[in-house]
Amino acid sequence: MIKFENVTKIYPGMSSPAVDNLSFTVPTGEICTIVGPSGCGKTTALKLVNRLHELTDGNIYVLDKRGETQNVLEMDPIVLRRSIGYIIQQIGLFPHCTILKNIGTVPQMLGWDDARIRRRAEELVEMMNMPVEFLDRYPHELSGGQRQRIGVARGMAIDPPVMLMDEPFGALDPINRTLLQNEFLRLQQEIKKTILFVTHDIDEAIKMGDKICILNTGGHLEQFGSPANILARPANKFVEDFVGADRALKRLNLVRVEEAMNAHPPLLQATQNVEQAVGFMVEQGIRSAYVVDAAQTLKGYVRVRDLKGKTGWVGEFVEPAATTIQMTTSLKDALSEMLVVDYANVCVVDAQNRVRGLIDTNMIHEAVLKSAAIAEGEEE
Amino acid sequence: MKEDTSFWQQLKHLTISDVLSWTMIPVLMIIVVILVYNQLLLTIEPGSMEANMLGSYEIGFKRIMDAAAEHVRLILVSTLLAIAVAVPAGILITRQGFRDFSGLILGVANIGQSVPSIAILAIFMGILGLGFKTAIFALWMYALLPIVRNTATGIKEVDPDIIEAATGMGMTNRQILLQIELPLSFPVMFAGMRTAAVINVGTAALGAFIGAGGLGTFIIAGIPLMRDRLILVGAILTAVMAILVDWILEKVQDKLVVSTATV
């Protein structure tokens, strides 16, 4: 848990606050994104938690490893910082130290022995989908994306319950950014950290956040809530403008394919005979169907008009599917994929290419309406 | 993959420019020294003033070597003392609370550099007397500025993001200084020491004026006697030493920069 209680920060010599009477709570295990235009005090707010900046008024509480609520102001800043993961956009890896030493910075200060540090570092680079050999390299031998993964690994070195991330993926190219975002979200499913995540990009805020905290210039809180909630019901004109005119479309980002798909689609077996298959498709009122083998692995699809009047096995007429979608894909990406290949529906598969469902535009529409209804329900 | 670091393996990868950069300066210097020996020392006529000054060839050679050793001692002691004072001073003026004094400290160090060395010798001769100590003091003052300045510059040039990450992870100021700032600024700091040492080789030749010995002795003896050979022996050997010190420290510096492998 991270709790802001009437937190104000006024820099010396400034008349207006950088963070203005900010109160919100991030529940344990959730990511809260702080988003706003430049100069809104989002980075300042983040740095108040590990006391890189000292707050002027109010209190900040964090849950420590033993599950006890601690007022950060009552803790020794050095102890506090060592207990909180800190990841910044510029990464700040130590160029003269190996990756192992970089990741081991905090564990070493906490007195872990070398073997334990090495074990933990190996575990972390594997978690980040990187080879263990990287531990003996230097930062300049790695690419930007790899360096940022090491930055994240370093932040997680002692498995801190609370992490602060300041635009961690901001300096990466779009492809790497998406990749790291997805990897991190998948990781978060397992590690369940409580994270404060600063970004200037509303799309990233929506994608990464279980909660979003929208700040305006002067550190003023405009709205705090779940992404669905904020998109469905912007609190005021500022939020409405900030989330953008396409906020209805952005809701597509919030729902994953597995929540919207038809999990029991009509499928054909490759070993079925053609007449039987045509009968099945006519009965179902569909013009084409996906074909699977005995293990539910996708083989491709067949069309009614190609099969009519033919004999033999369905497997002989299968055409490969131009695209498939993973269950964890967002509806936005799914829709985009469907528009690209011009399919009425797309097959949803798991990592082993087994068919798990089917999705079409109607299902997407319904899912978005449903998520909006849930968001409104939350509000009441 | 383990890198093969055996000598012969490394030798295979040598390029012509590598070979030249390692051999050119020493070979040239050896040639110069041989020329000095052949052309200047072996041609001295017995009974001449040069011969009186240098004695027989054997004694002359020994006197020259002694003077060179004295010269090296002057440089070593003064540069090491300067490092001992200038590095802490350079660190100090980058610390919070002392940054305001950075102008003052650099200013003081600047004085050492801008007052002509011969003047410093003259002034402190009155206070410290003749000899080794006064020469060391003057050389020490001379070496301060480049080292203080480069130490401070090196530390200030460390990427602030690295410092921020280190602070955010809970490193103490002391840990940041010892584990981050000093290792990362060392190449710049070392360049300052190299500059100081090379300047001191030349300046130490003036030490002979106040009886501190060194290669300057021959120059100073040669001028009033108008003996070019003595002057040349002193001048050329001083130059050879400056070039060699610079070259050796350059090689050390290359090694250090490679091994710290900065981005």
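Everything numeric here is computed off the predicted structure, so don't read it as measured data. (Residues numbered from 1 in each chain as written. Chains lettered and ligands numbered in written order. Predicted model: local features only at pLDDT ≥ 70, side-chain atom pairs only at ≥ 80, totals over all residues.)

## Comments concerning the overall build of chain B
1) Next: Scanning chain B for helices and strands turns up eleven helices and zero strands.
2) Next: Put simply, chain B runs from its N terminus to its C terminus through helices and strands in the order α-α-α-α-α-α-α-α-α-α-α.
3) Next: Taken along its principal axes, the extent of the C-alpha atoms in chain B is 75 × 55 × 20 Å.
4) Next: Evaluated residue by residue, chain B yields a buried proportion of 34% over its 263 residues.
5) Next: Once local pairs closer than 6 in sequence are excluded, the contacts in chain B between residues at least 24 apart make up 73%. (Helix = DSSP H or I, 4+ residues; strand = E, 2+ residues; numbered from the N terminus. Buried ≥ 20, exposed ≤ 12 C-beta atoms within 10 Å, placed from the backbone. Contact = placed C-beta atoms within 7 Å.)

## Quick look at the overall build of chain A
1) Next: Helix and strand content of chain A: 16 helices and 16 strands.
2) Next: The dimensions of chain A, computed from C-alpha atoms along their principal axes, are 85 × 55 × 35 Å.
3) Next: The buried share among the 380 residues of chain A stands at 40%.
4) Next: The long-range fraction of contacts in chain A, counting pairs at least 24 apart against all pairs at least 6 apart in sequence, stands at 63%.

## Here we look at helix 7 (residues 174-191) of chain A
1) Next: For helix 7 of chain A, spanning 18 residues, the distance from its first C-alpha to its last is 25 Å, which sits close to the expected 26 Å at 1.5 Å a residue.
2) Next: Where helix 7 of chain A terminates, the next one or two residues include lysine 192 of chain A, which has phi positive at roughly 50 degrees. (Expected span 1.5 Å × (residues − 1).)

## Observations regarding the interface of chain B and chain A
1) Next: Across the boundary between the two partners, chain B contributes 17 residues, which contact 18 residues of chain A.
2) Next: Residue contributions to the side of chain B that touches chain A peak at six residues, all from helix 8 (residues 160-168) of chain B.
3) Next: Across the side of chain B that touches chain A, the residue classes tally to nine nonpolar, six polar and two charged. (Nonpolar A, V, L, I, M, F, W, Y, C, P; charged D, E, K, R; others polar.)

## What about the sheet that holds strand 15 (residues 345-349) of chain A?
All names here are of chain A.
1) Next: Judged by pairing direction, the sheet is mixed, and its three strands sit side by side in the order 14-15-16 without closing on themselves. Looking at strand neighbours, the two that pair on one side only are strand 14 (324-326) and strand 16 (355-360), the edges of this open sheet. Ignoring which end each strand starts from, the neighbouring axes of this sheet average 35 degrees apart.
2) Next: Pairing of strand 14 with strand 15 involves three bridges; the strand directions are parallel. Note that in strand 15 the partner of isoleucine 325 across the bridge is valine 348.
3) Next: On the sheet, helix 15 (residues 331-341) packs against strand 14, strand 15 and strand 16 and is oriented at approximately 130 degrees with respect to strand 15. (Pairing = 2+ DSSP bridges. Axes fitted to C-alpha atoms, helices over the stretch in contact; angles between N-to-C directions.)

## Observations concerning the pairing of strand 1 (residues 2-9) of chain A
Two faces, one strand: in a regular strand the side chains alternate between the faces of the sheet.
All names here are of chain A.
1) Next: Taken together, the five bridges between strand 1 and strand 4 (residues 57-63) define a ladder with antiparallel strand orientation. Bridge pairing in strand 4 links isoleucine 2 to valine 62.
2) Next: Strand direction decides the pairing type here: strand 1 and strand 2 (residues 19-26), joined by five bridges, are antiparallel. Counted as the bridge partner of isoleucine 2 is valine 26 from strand 2.

## Observations regarding the nonpolar core
1) Next: Counting residues in hydrophobic clusters, the biggest one holds 126 residues, and the most contacted among them are Ile34, Val49, Ala153 and Leu196 of chain A together with Leu139, Leu144 and Ile147 of chain B.
2) Next: When residues in this core are grouped by element, the largest group, 14 residues, is from helix 7 (residues 132-156) of chain B.
3) Next: Formed by 31 residues, the second largest nonpolar core is a distinct cluster that contains Ala277, Tyr301, Leu335 and Val355 of chain A. (Core = buried A, V, L, I, M, F, W, Y, C linked by C-beta atoms within 7 Å.)

## Looking at the domain arrangement of chain A
1) Next: Entries for chain A in the domain assignment read domain 1 (2-83 + 160-254) and domain 2 (258-366).
2) Next: Taking only C-alpha atoms, the centre of domain 1 of chain A and the centre of domain 2 of chain A are 41 Å apart. (Domains from an automatic or database assignment.)

## Description of unusual backbone geometry
All names here are of chain A.
1) Next: Non-glycine residue asparagine 21 carries a positive phi angle of around 45 degrees.
2) Next: The phi angle at lysine 192 is positive, at roughly 50 degrees, despite the residue not being glycine.
3) Next: Looking at the secondary structure, you find lysine 192 in the loop between helix 7 and strand 8 (194-199).
4) Next: Assessed through the 12 C-beta atoms surrounding it within 10 Å, lysine 192 is described here as exposed.

## Points about the environment of valine 349 of chain A
Residue and element names in this part refer to chain A.
1) Next: Topologically, valine 349 is positioned in strand 15.
2) Next: Judged by the 21 C-beta atoms lying within 10 Å of it, valine 349 falls in the buried class.
3) Next: Between the C-alpha atom of valine 349 and that of glutamine 296, which follows or precedes it by 53 residues, the distance is 9.7 Å.
4) Next: Setting aside residues up to four positions removed in sequence, valine 349 forms contacts with Leu298, Thr324, Gln326, Arg354, Val355 and Arg356.

## Here we look at the packing of helix 7 of chain B against helix 9 (residues 173-204) of chain B
All names here are of chain B.
1) Next: Packing of helix 7 against helix 9 leaves a shortest axis separation of 8 Å and a crossing angle of 160 degrees. Relative to helix 9, helix 7 is oriented roughly antiparallel. The two elements helix 7 and helix 9 cross, and the hand of that crossing is right-handed.
2) Next: Residues belonging to the contact of helix 7 with helix 9 are distributed by class as follows: 13 nonpolar, nine polar and two charged. (Parallel < 35°, antiparallel > 145°, perpendicular 65-115°, else oblique. Left-handed = near helix turned anticlockwise from the far one by under 90°.)

## Brief notes about the pairing of strand 12 (residues 288-292) of chain A
Residue and element names in this part refer to chain A.
1) Next: Burial analysis of strand 12 places four of its five residues in the buried class, the great majority of the element.
2) Next: The pairing of strand 11 (residues 267-269) with strand 12 spans three bridges and is parallel. Across the sheet, residue glutamine 269 finds its bridge partner in strand 12, namely valine 292.
3) Next: What sits between strand 12 and strand 13 (residues 298-303) in their antiparallel hairpin is a turn of five residues, with glutamine 296 showing a positive phi close to 70 degrees.

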